[in-house]
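# Structural features, examined
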Amino acid sequence: MQELESGQSRSIVHLPVGTFSIPMGLGALATAFHRAAEVWTTVPAVIGEALAWLTLGVLAALLIAYGTKAVRHRSAVAAEWRHDGAQRNSPVLLGEVPQVAGSG
């Protein structure tokens, strides 16, 4: 396991469940461009479609990465889902766990 300059490791154990907010935001942006293309003819529909495919790719990558974390580091995932603030440096994780289901 390599150490970064700041002392943090690159291990997948440090992947927070909150990263699932990324595809949620991208999906919302894709939807906004899709709706804008329906209303205004100056907005190309391809932007919304490209963002939708990007969202799908990011979500797939995160699901694979977090699934790998769940297999390799079950205790870290369990602590994260139990909202164990001592395990993670985030005081509020309870609102982030449902994002896994909402980002799909």
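Residues numbered from 1 in each chain as written. Predicted model: local features only at pLDDT ≥ 70, side-chain atom pairs only at ≥ 80, totals over all residues. Heavy atoms only, no water.

Moving on, we come to the overall build of the protein. The helix and strand tally for the protein stands at four helices and zero strands. Secondary structure elements of the protein occur, N-terminal to C-terminal, as α-α-α-α. Taking all 104 residues of the protein together, 30% fall into the buried category. Of the contacts formed within the protein by residues at least 6 apart in sequence, a portion of 56% connects residues at least 24 apart. Summed over all atoms, the accessible surface of the protein reaches about 6,900 Å², with 63% contributed by carbon and sulfur. (Helix = DSSP H or I, 4+ residues; strand = E, 2+ residues; numbered from the N terminus. Buried < 20%, exposed > 50% of the residue type's maximum accessible area, 1.4 Å probe, protein only. Contact = heavy atoms within 4.5 Å. Areas by Shrake-Rupley, 256 points an atom, 1.4 Å probe, with all protein chains shown as cover.)

A few words on the pattern of salt bridges. Considering all chains together, one arrives at one salt bridge under this definition. The shortest N-O distance in the salt bridge between glutamate 38 and arginine 35 comes to 3.6 Å. Linking glutamate 38 with arginine 35, this pair stays in helix H1 (residues 21-39), spanning three residues, or about one helical turn. A relative accessible area of 52% means that glutamate 38 is categorised as exposed. In this structure arginine 35 comes out as partly exposed when scored by relative accessible area, which is 48%. (Salt bridge = Lys/Arg side-chain N within 4 Å of Asp/Glu carboxyl O.)

Turning next to the confidence of the model for the protein. In this model, the protein carries an average pLDDT of 79, and 70% of its residues clear a pLDDT of 70 or more. The lowest-confidence element of the protein is helix H4 (residues 99-102), averaging 53 in pLDDT; the highest-confidence one is helix H2 (residues 45-72), averaging 95. (pLDDT = per-residue confidence, 0-100.)

Let us now look at H1. Between its first and last C-alpha atoms H1 spans 27 Å; for 19 residues at 1.5 Å apiece the expected length is 27 Å, and the two agree. Among the residues making up H1, those that are buried are Pro23, Leu26, Ala30, Ala36 and Ala37. The buried residues of H1 all sit within an arc of 145 degrees when viewed along its axis, so they share a single face. What points out from H1, more than 90 degrees from its buried face, is the exposed set Glu38 and Val39. On its buried face, H1 sits against H2. (Expected span 1.5 Å × (residues − 1). Arc of directions from axis to C-beta.)

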